[in-house]
Amino acid sequence: MPANVLSNRDTNAQMKSASPQKKAEKPEAKSLDAHRQELASRLKENDKTQQYVSPSDSIQSPATQKLSAFRNKQITKKSKPQTLFKSTSSKKIESAKGTAMFADIPKTDQGANDGEVNAKPYQQSLKDEIADLERRLQDAKSRLILEDEPADSSQSTSDAALHALLLLADSALPLGSFAFSSGLESYLAHHKPSPPSASQLPSFHVFLRLSLSTLASTALPYVLAGYRSPADIETLDNDFDASTPCTVARRASIAQGRALLAVWERSYRTQYSPTATNVADDDSSPTRGSAAAEALTSFSAALRKSDLINAHLAPLWGLVTCVLDVPLRDAAYLFLFSHARTVVSAAVRASVMGPYQAQAELASTELQDRIRGLVEEGWERKVEDAGQSVPVMDLWVGRHEKLYSRIFNS
Amino acid sequence: MSFTSPFAASTAKAGYGSIELSILPPDTPVLRKVSYQYPLKLVAPDPLPPPEQKTNRHAPRLVHTVFLLTYGGGIVAGDAINLSVNLEDRTRLVLLTQGSTKIFKTPDPTLVSKQHMEVKLAAGAALVYLPDPVQPFAHTAFSQSQIYHVEGEKSSLCACDWVTSGRSARGENWDIHEYKSRNEVWDSAQSGKQRLLLRDNLLLDKHGRTGMQPSGRMDGYSVFGTLILRGPVFSSLAQYFMDEFEALPRIGGRDWGDSAPLELSPHEQRRAQRQIREKGDGLVWSAANVRGFVLVKFASKAVEGSRNFLRDMIAEEGSVAASFGERALLCLK
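- Under an unreviewed UniProt entry, chain B has the name UreD-domain-containing protein and belongs to Karstenula rhodostoma CBS 690.94.

- Chain A appears in an unreviewed UniProt entry as Urease accessory protein UreF from Karstenula rhodostoma CBS 690.94.
- Listed under Sequence similarities (unreviewed entry) in UniProt, the entry text for chain A is "Belongs to the UreF family."

### As for the packing of helix α12 (residues 233–242) of chain A against helix α15 (residues 288–305) of chain A
Residues and elements named next belong to chain A.
No. 1: Running from amino to carboxyl end, α12 crosses α15 at an angle of 55°, the nearest separation of the two axes being 10 Å. Our classification of the angle between α12 and α15 gives oblique. Here I233, E234 and D237 of α12 lie close against α15, whose contacting residues are A295, F299 and A302.
No. 2: Tallied by class, the residues present in the contact of α12 with α15 amount to 4 nonpolar, no polar and 2 charged.

### Describing the pattern of salt bridges
Residues and elements named next belong to chain B.
No. 1: Evaluation of the coordinates by the stated rule reveals 28 salt bridges over all chains.
No. 2: Of the charged contacts, one joins R182 and E184 as a salt bridge, the two residues approaching to 2.7 Å between their closest N and O atoms. The same class applies to R182 and to E184, which are both buried.
No. 3: Here R271 ties to E244 by a salt bridge, and the two come within 2.9 Å at their closest N and O atoms.

### A closer look at the sheet that holds strand β1 (residues 16–24) of chain B
Residue and element names in this part refer to chain B.
No. 1: Spatially, the 7 strands line up as an open sheet ordered β2-β1-β6-β9-β12-β14-β15, and their pairing is mixed. In this open sheet, the two edge strands, each paired with only one partner strand, are β2 (28–36) and β15 (195–204). Neighbour to neighbour, the strand axes of the sheet diverge by 10° on average, direction disregarded.
No. 2: Looking at chain direction, strand β6 (residues 80–87) and strand β9 (residues 113–121) are connected through 8 bridges and run parallel. For V85, the partnering residue across the bridge sits in β9 and is V119.

### With respect to the interface of chain A and chain B
No. 1: Between chain A and chain B, the residue contacts involve 45 residues of the former and 44 residues of the latter.
No. 2: Between chain A and chain B, the buried area comes to about 3,800 Å², and carbon and sulfur atoms account for 55% of it.
No. 3: Between chain A and chain B we count 3 salt bridges in total.
No. 4: Taking the shortest distance from any N to any O, the salt bridge between A:D385 and B:R182 comes out at 3.1 Å.
No. 5: Counting across the interface, chain A meets chain B through 21 residue pairs in polar contact (both at pLDDT 80 or more).
No. 6: When contributions to the side of chain A that touches chain B are tallied by element, the ones reaching two or more residues are α9 (184–190), α10 (201–218), α12, α13 (247–272), α19 (365–378) and α20 (391–398) of chain A.
No. 7: If you tally residues by element for the side of chain A that touches chain B, the top one is α20(A), at 6 residues.
No. 8: Within the side of chain A that touches chain B, the residues separate by chemical class into 18 nonpolar, 13 polar and 14 charged.

### A word on the pairing of β1(B)
Residue and element names in this part refer to chain B.
No. 1: Bridge count for β1 against β6 is 6 bridges, and the pairing is parallel. Each bridged residue has a counterpart across the sheet, and for S18 the counterpart in β6 is S84.
No. 2: Bridge count between β1 and β2: 8 bridges; the pairing is antiparallel. By the bridge assignment, I23 is partnered in β2 with P29.

### Examining the confidence of the model for chain A
Residue and element names in this part refer to chain A.
No. 1: On average, residues of chain A carry a pLDDT of 77, and 70% of them reach 70 or more.
No. 2: Model confidence for chain A, summarised as mean pLDDT per element, is weakest for helix α14 (residues 276–281) at 42 and strongest for helix α11 (residues 220–228) at 94.
No. 3: Per-residue pLDDT stays below 50 along residues 146–155; that stretch engages in 3 contacts with residues further than four places along the chain or on separate chains.
No. 4: Ignoring residues within four places in sequence, the model shows residues 276–285, a span with pLDDT below 50, making 3 contacts including any to other chains.

### Quick notes on the packing of α13(A) against helix α16 (residues 313–323) of chain A
Packed helices, taken two at a time, are described by the angle between their axes plus the distance between the axes.
All names here are of chain A.
No. 1: Orientation of α13 relative to α16, taken along the N-to-C sense of each, is 15°, at an axis distance of 9 Å. Classified by the angle their axes make, α13 and α16 are roughly parallel. For the pair α13 and α16, the sense of crossing is left-handed. Of the residues in α16, those in contact with S253, Q256, G257, L260, L261, W264 and Y272 of α13 are L313, L316, W317, V320 and V323.

### Overview of the side chain of B:T101
Residue and element names in this part refer to chain B.
No. 1: Here T101 is to be found in strand β8 (residues 101–103).
No. 2: The class of T101 is buried, set by a relative accessible area of 14%.
No. 3: Apart from the residues within four sequence positions on either side, T101 is in contact with I75, Q115, P133, V134 and Q135.

### Considering the packing of aromatic side chains
Residue and element names in this part refer to chain A.
No. 1: Scanning all chains against the criterion turns up 17 aromatic pairs over all chains.
No. 2: Each ring, one from Y187 and one from W396, has its centre 4.7 Å from the other, and the planes form 75°; the classification is edge-to-face. With Y187 in helix α9 and W396 in helix α20, this pair connects stretches of sequence that are 209 residues apart. Here Y187 matches W396 in class, with each residue buried.

### Some thoughts on empty space enclosed by the protein
No. 1: Within this structure, the stated rule accounts for 6 cavities of 30 Å³ or more.
No. 2: Counted as a void, the largest cavity has a volume near 700 Å³.
No. 3: Around the largest cavity, the lining is made up of 35 residues, and of these A:L215, A:T218, A:A219, A:F240 and A:A249 lie nearest the centre.
No. 4: Those elements that provide at least two residues to the lining of the largest cavity are α10, α13, α16, α17 (328–349) and α20 of chain A together with β15 of chain B.

### Here's the deal with the state of the cysteines
No. 1: If you walk through the whole model with that rule in mind, you get 0 disulfides over all chains.
No. 2: Distance from the sulfur of B:C160, which forms no disulfide, to the nearest cysteine sulfur (B:C158) is 7.7 Å.

### Quick word on the environment of A:Y268
No. 1: Within the secondary structure layout, A:Y268 lies in helix α13.
No. 2: Between the C-alpha atom of A:Y268 and that of A:T235, which follows or precedes it by 33 residues, the distance is 24 Å.

### A closer look at the pairing of strand β3 (residues 40–43) of chain B
Residue and element names in this part refer to chain B.
No. 1: Going residue by residue along β3, you find L40 and L42 tucked away on one face and K41 and V43 left uncovered on the opposite face.
No. 2: Across 4 bridges, β3 lies against strand β4 (residues 64–70) in antiparallel orientation. From the neighbouring strand, L42 faces β4, where its bridge partner is L68.

### A few points about unusual backbone geometry
No. 1: The omega angle of the peptide bond from B:P25 to B:P26 is 5°, so this bond is cis rather than trans.
No. 2: With respect to the secondary-structure elements, B:P26 resides in the loop between β1 and β2.
No. 3: Of the consecutive residues B:Y38 and B:P39, the connecting peptide bond is found in the cis state with omega at 5°.
No. 4: Take B:P39: it is sitting in the loop between β2 and β3.
No. 5: Positive phi outside glycine occurs at A:S351, with the angle close to 60°.
No. 6: For A:S351, the location among the structural elements is in the loop between α17 and α18 (355–363).

### Notes on a nonpolar patch on the surface
No. 1: Judged by side-chain polarity, B:V34, B:Y36, B:Y38 and B:Y71 come together as a nonpolar surface patch covering roughly 390 Å² of accessible area.
No. 2: Considering the arrangement of structural elements, one finds B:Y71 in the loop between β4 and β5 (74–75).

Quick notes on the rules
Residues numbered from 1 in each chain as written. Chains lettered and ligands numbered in written order. Predicted model: local features only at pLDDT ≥ 70, side-chain atom pairs only at ≥ 80, totals over all residues. Heavy atoms only, no water. UniProt positions renumbered as here; feature names shortened; annotations may be inferred. Axes fitted to C-alpha atoms, helices over the stretch in contact; angles between N-to-C directions. Helix = DSSP H or I, 4+ residues; strand = E, 2+ residues; numbered from the N terminus. Parallel < 35°, antiparallel > 145°, perpendicular 65-115°, else oblique. Contact = heavy atoms within 4.5 Å. Nonpolar A, V, L, I, M, F, W, Y, C, P; charged D, E, K, R; others polar. Salt bridge = Lys/Arg side-chain N within 4 Å of Asp/Glu carboxyl O. Buried < 20%, exposed > 50% of the residue type's maximum accessible area, 1.4 Å probe, protein only. Pairing = 2+ DSSP bridges. Buried area = accessible area lost by both parts, 1.4 Å probe. Polar contact = N/O pair within 3.5 Å; in protein donor to acceptor, adjacent residues only side chain to side chain. pLDDT = per-residue confidence, 0-100. Left-handed = near helix turned anticlockwise from the far one by under 90°. Phe/Tyr/Trp six-rings, centres within 6.5 Å; stacked < 30°, edge-to-face > 60°. 1 Å grid on protein atoms, 1.4 Å probe; cavity = no way out; pocket = protein on both sides within 12 Å on 5 of 7 lines; lining within 4 Å. Points joined across faces, edges and corners; volume = space filled by probe spheres on them. Disulfide = S-S within 2.5 Å. Patch = residues over 30% accessible without salt bridge, like charges linked within 9 Å, V, L, I, M, F, W, Y side chains within 5 Å. Areas by Shrake-Rupley, 256 points an atom, 1.4 Å probe, with all protein chains shown as cover.

As C-alpha cells, then:
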C-alpha cells in the first residue's frame, strides 16, 4: 500500500473510495510512516486535477460508465456505447494540448479546475510537512536499526507460530523417525495372529493406544518442562536418560533428538535466533524465546564436549518449540500426534494396513480426542512423576533386539 | 496418681524404622541400630560369615540379614512405612521379607498406603534386596518408593521390585485402584548437587486414555518386575544376565535343521532347560546395560514363573550366594 500512494493512477480508480478503505486498514498505526501516508492521501484528495491522457481512457464497462455519468451529472444524457477515440479526440486532446500527450504522467496544476488557487498554498504547506516528516523518519530510522513496526510484529505473532508449527509438523520430522516403530514391530512379532492370514489391525489399535499412553506418561512431562524451564535442559536431559531403562528406546530417542538439534542448528537458527543488538536494545528483559535460544545454543555446545549429555528428543522438543514460539498446548499436541503418525506409518510399512486406512486413522476423531485428553491429563504432571504406565511396553521395546528379522531400529 | 516413666520418651514415629550397619574396628560389621515402630517390624537374625571368606581376603567377616515385616503380614489402607537404611564402607546387608507384601483393600481410592525406603550406600558397601513380590489385592491404592544414594562406582546394589496381579486364585486380575512403585538411584559422590542415575517408575492407575481396564494393559501377564544391578560385587551377575539375554533364541527365527546338534556343555544344557521352562511359564524378559547399571525387566503369567527365573539365573551364576550366603535367595525359594 504505501508504495502506491504517490504513484500514478488509472483514471478508472476511484480516489475517494480508495482513501477511506486505506484508513480502515491501519487505523491504529502511529508511526511516522503512517502519518506520511495520511498526509499524502489528503494531498491527493485536493489534487483533483490529476488526469491522464490515454486513448484507452474512455474504455469503460457499462456499469462504470453509468456511474461516472452520474458523477458528472450527465444522467440526463442518454448513455450510448462510445466509440473508442471519440472523447479523446474531441475533448481531451484539446485540453491536453501543450502537455505530454499519450503519456502516463499526470497533468500539471495549470490545466486545473477552479479550486486550484485556494488549494495551492495549502498543498505547499503539506508538502513541506511531508518533507520534514520524511527527514525525521530517516533520522529516526538511522537511530533505530530495527524492524519496521512493533505493532506489525505483534499482529502477526499467531501467524508466525502457525508457520513454525507447520514447519515442525513436516512428516520428515522428527528427522529419521521413519526408521523407528516405537516397539510396533516387536509387538507384532509377539502377537502372531492365530491363522497367519488374519488381520493384525485389531491388535494394532491396542498397540497405538498403549503406545500413546506410554509416551504421554513418560515423555510428555519432559516436553512441557523443556518448554517451561529452558535453563534446566541439561538436568532434564540427564533425568530423561536415567528414566529410559531400555537400550532400544534410548537409542531411538537420542537419534531423533540429535536430528532435531541438527535441524535447529542448520536450518532454523539463522531465522529464529535473536541477534545481540535486538536483545540489547530492547527495553524489556530478554523474552522467553531468546532465553530458550540461548539455552539451546549452550546445550548444543555442551553436547560436543561432554559425554554425560545425550540430547533426548522429548526435552529438546519442548525447548525448540519454545524458541519457535509455538504455543505450549500446540507443541504438546504435535508431539503426541507426530508419534501417532510415526507409528501409523510404520504400520503401513509393516503391512498392517494400507495408506488410505492410515490417513483415516490419523484423521479419526477418536485419535483427536485421545491426544487432547492426554495433553490435558499430563498438563500438570511433574517430571519426577513421569513413569511407565504400560510396563509390558518396556519388554516389547527391549526385546526388539531379539527379533530374527527387523525392518526398523526400534 | 501420676506416674513418671523412668525411660526417655520415645521419639520414634509410627511406621518409622531405621537400620545402621557400621564397622566395629578393626573389621567387624555390626548393626549399630535397628529400630522400628508399629506397623513396621524388623527382625535381624545372627549374622553369618560369607562363604567366599576363605577364598577372598577382601570379603567382610560377617554378612547381616534383616527381615522387613509388617504386623498382620500386610499393609492396611492408610498405613505409611518409612524405613531408612545406612550402610558404611565394607559392609554387606541382605534385606528380605517373609512372604509377599499384601496390600489390603481401601475404603476410598484416595486413601493411599505408602511405603518409603531410603538407602545410603557408602563406597564399598553392598546391598541385596530380594524381597517377595508386592501383592495388591482388589480395590487397593498403594504407592512405594525405594531411593538409593550411592557414592560413585564402588557402591554395589542388587534390588528387585516386583508386583503381582493380586489373589489370582480368587480371580483377581489387576483390579486395583492405583499402584505406584518408584526406584531411584542418586549419585551423591560429588558434594552439593546430586545426580540422578536411574529412575524406574511404574504407574498403574486410571490415567492414560487407553479406555481399557488395567488388566487389558498388561497383555495377559500377572507379574512384572525389575531387577537393578550395579557395582563391583554384582558385576559378574550383571554380565551373566547380559550374556544370557544375548543367547536367547531369536523371536520368529526358524530352525532349518542345518546346524548340526553339537555336544552341549553343561552350561549350555542348563541354559536350554531354562529356556524351555521360560517358554512354559510364559516368561519374557529383557536386559539392558545403561549408565553403569544392568536393568533386567521381566514378566510372566504366574508368580512361580518369575520366581523360578530369578532363582535359576542368580543361583546358576553363583556370585550372590558366595558373597552373601544362601540366605540371600530365601525369598526366591
